[in-house]
Structure formats: structure tokens, C-alpha cells
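# Coordinates in review
Below, each chain spelled out in residue letters.
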Amino acid sequence: MSRFLRGAMPALSLFAAAMLLAGCVNLAPAYRQPAAPVPAAFPATGLSAPEAQAPASLGWREFFLDARLRRVVEITLANNRDLRVAALNIERARAQYGIARADAFPSVNLGAAASRARTSGSTGSASTLATQYSVNLGLVSYELDLFGRVRNLGDAALESYFSVDETRRSAQISLVAEVASAWLALEADTQRLKLARDTLASQQKSFELIERSHALGAQSGLALAQAQTTVDSARLQAATYDSQVEQDRNALALLAGGPLPDDLLPTPGTPLSAPVAQLLVPPAGLPSSVLLQRPDVLAAEHVLRASNADIGAARAAFYPRISLTGAAGTASGTLSGLFKSGSSTWSFVPSITLPIFDGGANRANLKVAEVQQQIQLASYEKTLQTAFREVADALAARRTLAERMAAQQSLVAASQRSYDLSQALFRSGGGAYLDTLIAQRALYLVQQDLIDLQRVEQVNRLTLYKVLGGGWSEASNASAAVAAP
């Protein structure tokens, strides 16, 4: 065996020289992060300082205060099929990077062969029987990456992998916000259903009172008919929201990947809760550079980096390509003599390909790579601009939410007083029942509007959580798992 190793020394030396020569030149343009085409800071929020906090390290477990909602999010992240597909896409991208990375290293194979051949004696010579045994350690067509073609292809694959991982992070943040929004929709519709049922019960009692008074001649048939219409209208509203609650449950179950236990769902009879924290309103002067950490922005930048590396690979196609094929081993006509002195063999077959004329294919490929890089640059800038607008829109909506909420609560209180007074006046015989019906209808509508506005305020928090890339501390970073070459 020692003779075999000595015979393999030329091949081993060849491997070492190839590794020293590989990657001597990198023709990819130097990457510089593009300037962000957005203002340096977000618009002023006009909000008080205690409510303003930066989202840089806020995870979704810190963001959601309701224990039921946190558990729903956990179940969703474990079972949602779309997120599972995103995770599998990462595994595929990791494997594709491994394939591209493998091209940077020599492919060495150990082979053993045996052959036996008989030559015919019909030509006048005696027939012979020849036997040959061989063992070889071979270098299979290894390209010396003198101009960085293989390296740049590997870099492009790595950046593509990072982009896929950031896409998964973006999908996770969107999914967390979506399932929370669905939970809030179910909660709001549950409250609307309770309000409709309470209104129906109140109007049913009023109808029964009017019906008895009508039987005694104290109320007209008009008042009885008006009372009947309000009861039927309330019954219709209750049935509508009952159906809507079931649809909300189905939508939440689809996001969660399966049915959810009843104890994790909003329950009627409780006031509309605040399932998200009083966080995620940026402090005044928060720089827009925080958007550079949004997963979708990072994904776009990784794609831009990959296109930068593709230019280097396209440029390398204009230069010679040197490939090495070699083998060292031993051969003998007998199995026992396979490793004896004098049985060693070796071969060395370098080849060089110099492009002379290709009809302009290399130049066209380079142009494609350069244009693609410009396309990705524009896409990256558009992603940043879109992110800035999303944050600015969410802040603009939030700026007046506190004022709207105070006005709506005051309106509900005033409508409640109006209804109470009209009802008392009607029972004392000093007012028409129609006035009571109008006041009750107005109260019902403003109560519904308050539920809607409370949900809008909560959804606005979710929107800020999403557009500012909240939950960064919950998401893994692909660059920590894979070392750059």
C-alpha cells in the first residue's frame, strides 16, 4: 500500500497546486449598498412619548398580551401549511447552495477495475487470454477557477439561499399578523353578536309591553307594528352575526392549520379586550434606516447581491478555462501483483479552452447579467419605497385614532342618555314610542361603530408590527447557520 501512496503523490501534488491557483481573480463588481430612496425619518406621529417605542428587538410573544392569542399564534406557526412550504423552500435552497459550492472543490474518485480478454488465433498467431487488474485515485475534470467563475456562481447560490430564508421570515411575520387579525375579527363579531342579541332581548320585552297595552286599548296599532319591525330587524341582525362568527372561526382554523379549542377563542359577555400591547408606535425622529432590517427588504438585497455575482461569472466566460484530469494508481496482470514494485501508473491530462468566436453569446450573456442587476436594483429601491409608504400610512391612520376613539365613546354615552330619557318619557306617557325606537336604533348603530373602531385601533397596531418588521428576535437568521465561503 505504501507503494500505491507513493505512486499517488503526483496526483496529490496536483490537487494542492489546483487549490492554490483556484479563485485567484474575482471579476464581480465591488458591491456597495444602494442609497435608500426614501426620507431619512418617518413623518412625525404627534403621539405622546410613553406610547412610542422602537420595534427593533420586539418579538411577537412580547407584543401580544392575551395568553389565548399567544397560544393561537404558537399553534399556527407549528401547523400552518404555507409556512411549512416556506421552510421546505429553505431546505431546497440550502441543498442547491451545497451543489454550487461543491464545484469549488476537486472531485476525487477511487476506482478499481478488473478485465479479462481473449484474442482470436484466426490471424495465424496463437490465441491469448489477458487479465488486467487496476486501482486508481483520480481527479475528475477539475476547473481551475482562475477568474472566479465558479466562486461567483457559488456566491450567487448563497445569496439566493439567504433571500429564501428572509422570505420565510417575512411570511412568518405576515402570518402572525394575519392570524391575530382573524382572531380580532372573531372577537369583534362575537361582540356584535352579543350586542344584537341583547338588543333583540330588550326590543322583545318592549314589544310584549306594547302588545299588552294595545290589548287594553292604551296603544295604537301603529305603535304595535313599529315595535314588531324593530324586533324582526334585531332578529335578522342576530342571525347575520351568528353566521359571521362561524365563518370567522373557519377562517381562523384554516390559518391555524386545524380546529382550535373553544377556550382559546374570544367569548361573548366580556368587553372588547386589548390583545396587543401598547407598543410599536415609533418615537419621533425614528430613522427610516430601520426598514433595512425588514425581511422583505433584506431578501431584495440578497437577490441584488446574487445578480452582482452573476456579472462576475459572466465576465469570467471571456477568459480561458483550464480543466485538470489526472489519475495515479497501480495495475497488474495478477491480483497478487497489484501492489508490487513497478506496478504504479499515473496520468495527467490538463486542458485549456480559450473563447475565440462564439457569435457574441458571451457578450450577450454579460449584457443580460448587467441588465438583470439593474432590474434587481430597481426592485430593491421599490421595496424600500413601498415599506416606507406602508409605515407612513399606518402612522397617518394612527395619528387621529385617539381623537376618534374619544369622540366615539362620547357619542355612545350621549346616545345612551338619549335612549334612557326617551324610554322614561314614553313609559310616563309623555312621549311617542317612535321616539324611543329612533333613540334605540341610534344607540345600537353607534355601539356597533365603537366595536368597529376598537378593532381598527388594534389592527393598526398589528399593521405597525408588520410593516416595521416586528418579531425580528423570533426569527432565525440564515447567515448564522451557513458560513460564507
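These numbers come from a predicted model, not from an experiment.

About the criteria used
Residues numbered from 1 in each chain as written. Predicted model: local features only at pLDDT ≥ 70, side-chain atom pairs only at ≥ 80, totals over all residues. Heavy atoms only, no water. Helix = DSSP H or I, 4+ residues; strand = E, 2+ residues; numbered from the N terminus. Buried < 20%, exposed > 50% of the residue type's maximum accessible area, 1.4 Å probe, protein only. Contact = heavy atoms within 4.5 Å. Areas by Shrake-Rupley, 256 points an atom, 1.4 Å probe, with all protein chains shown as cover. Axes fitted to C-alpha atoms, helices over the stretch in contact; angles between N-to-C directions. Parallel < 35°, antiparallel > 145°, perpendicular 65-115°, else oblique. Left-handed = near helix turned anticlockwise from the far one by under 90°. Nonpolar A, V, L, I, M, F, W, Y, C, P; charged D, E, K, R; others polar. Salt bridge = Lys/Arg side-chain N within 4 Å of Asp/Glu carboxyl O. Phe/Tyr/Trp six-rings, centres within 6.5 Å; stacked < 30°, edge-to-face > 60°. Core = buried A, V, L, I, M, F, W, Y, C linked by side-chain atoms within 4.5 Å. Expected span 1.5 Å × (residues − 1). pLDDT = per-residue confidence, 0-100. Patch = residues over 30% accessible without salt bridge, like charges linked within 9 Å, V, L, I, M, F, W, Y side chains within 5 Å.

## So, the overall build of the protein chain
Regarding its fold elements, the protein chain presents 11 helices and four strands. Buried residues in the protein chain amount to 41% of all 485 residues. In the protein chain, once contacts between residues fewer than 6 apart in sequence are set aside, the share between residues at least 24 apart is 86%. Surface accessibility of the protein chain: about 25000 Å² in total, with carbon and sulfur atoms responsible for 58%.

## Section: the packing of helix 7 (residues 295-316) against helix 8 (residues 361-399)
Viewed as axis vectors pointing N to C, helix 7 and helix 8 meet at an angle of 170 degrees, and their least axial separation amounts to 9 Å. What the angle tells us is that helix 7 and helix 8 run roughly antiparallel. Note that helix 7 runs across helix 8; the crossing there is left-handed. Between helix 7 and helix 8, the residues in contact are D296, V297, A300, E301, V303, L304, S307, N308, D310, I311, A314 and R315 and N365, L366, A369, E370, Q372, Q373, Q376, L377, Y380, T383, L384 and A387, respectively. Looking at the contact of helix 7 with helix 8 residue by residue, the classes come out as 12 nonpolar, seven polar and five charged.

## Looking at the pattern of salt bridges
Considering all chains together, one arrives at 17 salt bridges under this definition. Residues D452 and R192 are paired through a salt bridge, measuring 2.0 Å at the closest nitrogen-oxygen approach. In this pair, D452 sits in helix 10 (residues 433-467) while R192 sits in helix 5 (residues 149-215), placing the two residues 260 residues apart along the sequence. With relative accessibility at 29%, the residue D452 sits in the partly exposed group. Ionic pairing is found between R249 and D262, a salt bridge with its closest N-O pair at 3.4 Å. Placement of the pair is R249 in helix 6 (residues 221-256) and D262 in the loop between helix 6 and helix 7, with a sequence separation of 13 residues.

## Observations regarding the packing of aromatic side chains
If you walk through the whole model with that rule in mind, you get three aromatic pairs. Each ring, one from Y161 and one from F162, has its centre 5.8 Å from the other, and the planes form 40 degrees; the classification is tilted. This pair shows no difference in class: Y161 is buried, exactly as F162 is.

## So, the nonpolar core
One finds F64, V72, V73, L252 and L260 to be the most contacted residues of the largest nonpolar core, which totals 34 residues. At the level of elements, helix 2 (60-63), helix 3 (67-79), helix 5, helix 6 and helix 10 are the ones that each hand at least two residues to this core. With near-sequence residues (within four places) excluded, V73 lies in contact with W60, F64, V176 and V179. Residues F42, V297, L384 and A394 belong to the second largest nonpolar core, which totals 17 residues.

## Some details on helix 9 (residues 401-427)
Compared with the 39 Å implied by 1.5 Å per residue over 27 residues, the 39 Å span of helix 9 between its first and last C-alpha is a close match. Of all the residues in helix 9, the buried ones are L401, M405, Q408, V412, S415, Y419, S422, Q423 and F426. Looking at the buried residues of helix 9, the elements they touch are helix 5, helix 8 and helix 10. Once helix 9 ends, the next one or two residues include G429, with phi positive near 85 degrees.

## Quick word on the confidence of the model for the protein chain
On average, residues of the protein chain score 79 in pLDDT, and 82% of them are at 70 or above. Mean pLDDT values over the elements of the protein chain span from 37, in helix 11 (residues 478-481), up to 93, in helix 7. Below a pLDDT of 50 lies the segment residues 1-5, which in the model reaches 11 contacts outside its immediate sequence neighbourhood of four places, other chains included.

## Remarks on the environment of V73
Topologically, V73 is positioned in helix 3. When the C-alpha atoms of V73 and A180 are compared, they prove to be 7.4 Å apart, with 107 residues separating the residues in sequence.

## A look at a nonpolar patch on the surface
A cluster of nonpolar residues, L354, I356 and F357, forms a patch on the protein surface that exposes about 430 Å² of accessible area. By the secondary structure assignment, L354 is in the loop between strand 4 (344-353) and helix 8.

## Examining the side chain of T230
Summarising the element assignment, T230 is placed in helix 6. If we skip the residues at most four places from it in the chain, T230 touches Q203 and L437.

## Section: the packing of helix 5 against helix 7
It is the contact of helix 5 with helix 7, at a shortest axis distance of 8 Å, that shows an interaxial angle of 165 degrees. Comparing their axes, helix 7 and helix 5 come out roughly antiparallel. Crossing geometry of helix 5 relative to helix 7 is assigned as left-handed. Across the contact of helix 5 with helix 7, the residue classes tally to 12 nonpolar, seven polar and eight charged.

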